[in-house]
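Close look at the chain arrangement
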Amino acid sequence: MADNTGTAALTFEGSSQTIEADGFTFHYHEAGPDGSPESQVPVLFLHGSGPGVTAWSNFGGNLPYFAARFRTILLDMPGFGLSSDHEWERAYPLVAADAIDTFLEAKGIAQVDIVGNSMGGNVAAELALAHPERVRKMALMGPGGLAAPLFSPEPSEGSRRLFEFLQDPTDEKMSAWVDTMVGNKKVVSDELIRARTEAATAPGAVERMYSIFGSILDPTKEYTPLYARASKIRQETMLIWGRDDRMLPYEQAHFAFRQLPRAELHAFSRCGHWAMIEQKDKFSRLVSDFFTH
């Protein structure tokens, strides 16, 4: 692979690419070191589902560290960012998992290690179940679907704030939602709030969000909860949770940890739902070491 870790390659524009596969247009960012061994498994990053989210907004800050060590791909999942929309004939995580398998096939990538945040963790787990040969290891931060909410109210505070924003998309409602995402408020800036609000209120963005969540909550679409199938996931999995997570509360980490046969669990203090942003350096070293050994 050609060297694409230069300064330009680590910008949004310099790393931005698209590919067509099976009726989908996939937008992604790719970078990596020159002369990576053919045996090294690429790392695929899958973002969460919050309003205005993209692969870059979740993981752009992590790209330099990982691209210096691995072939690194930050993917806008179907229906998000600059990737194309879709009719969700099944629950979103199932459709997205099959679509990502198609994406990897189009890229000629046999197997990946996956970093998945929130909904991205849910989709990663579905990919591991449906296409186990595609996934070697997973590092999942506050993954959706892997735990039943036994010890906290449902919906969570973060989920309530999310739908309050969708019903009335303003900077103030975005700020209230982002507040539930973080334990370390120093990572939140006015620029972040404005950028996320602009992305989340782009034409059709709110409608896409309702469509995606609706596909999961629609009782006419058969979908066995992921946590009921988690014991069948055989890949080595690192669960990463923020102790102050108000979207998927920390207590769920232990439920998920108990279900996964080959799991380890790492918890960060002063951290909410965005470990890759709030604890960027520690997170990057932890995940890199997990994938390397």
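Along every chain, residues carry numbers that run from 1 in the direction the sequence is written. For this predicted model, a pLDDT threshold of at least 70 governs which residues receive local features, and a threshold of 80 or more governs which side-chain atom pairs are given and counted, while totals over whole chains, interfaces and linings are taken from all residues. By convention in this description, side-chain values take in all heavy atoms of the structure and omit both hydrogens and water.

Looking at an unreviewed UniProt entry, one finds the chain named 4,5:9,10-diseco-3-hydroxy-5,9, 17-trioxoandrosta-1(10),2-diene-4-oate hydrolase and attributed to Dietzia timorensis.

Now for the side chain of Thr237. Within the secondary structure, Thr237 sits in strand 7 (residues 236-242). Think of it in three bands: with a 1.4 Å probe and only protein chains considered, a residue is buried below 20% of the maximum accessible area for its type, exposed above 50%, and partly exposed in between. Using a relative accessible area of 1% as the deciding quantity, one classes Thr237 as buried. N or O atoms within 3.5 Å of each other form a polar contact, as long as, within protein, one can give a hydrogen and the other can take it, and as long as residues adjacent in sequence are counted only when both atoms are side-chain atoms. At 3.0 Å, the side chain of Thr237 and the backbone oxygen of Gln235 are in polar contact. Note on contacts: a residue pair qualifies if any of its non-hydrogen atoms lie within 4.5 Å across the two residues. The residues touching Thr237, leaving out its near neighbours within four places in the chain, are Met138, Leu140, Leu260, Arg262, Ala263, Glu264 and Phe290. The secondary structure listing takes helices from DSSP runs of H or I that are at least 4 residues long and strands from runs of E that are at least 2 residues long, numbered from the N terminus.

Moving on to the pattern of salt bridges. Any Lys or Arg side-chain nitrogen located within 4 Å of an Asp or Glu carboxyl oxygen qualifies as a salt bridge. Inspection of the entire model under this criterion finds 16 salt bridges. Lys185 serves as the salt-bridge partner of Asp179, at 3.1 Å between the closest nitrogen and oxygen. We classify Asp179 as partly exposed; its relative accessible area is 26%. You can call Lys185 exposed: its relative accessible area is 55%. Here the salt bridges share partners, and the residues they tie into one network are Glu157, Asp179, Lys185 and Arg246.

Here the focus is the sheet that holds strand 5 (residues 112-117). DSSP bridges decide pairing: two strands pair if at least two such bridges lie between them. Ordered in space as 1-2-4-3-5-6-7-8, the eight strands form an open sheet in which the pairing is mixed. Every other strand in the sheet has two partners, leaving strand 1 (16-21) and strand 8 (263-268) as the edge strands with one partner each. Averaged over all pairs of adjacent strands, the angle between strand axes in this sheet comes to 25°, irrespective of strand direction. Relative to strand 8, strand 7 is paired through six bridges, and the arrangement is parallel. Following the sheet pairing, Trp241 is matched in strand 8 by Ala267. Helix axes are fitted only over the stretch in contact, all axes being lines through C-alpha atoms; the angle between N-to-C directions runs from 0 to 180 degrees.

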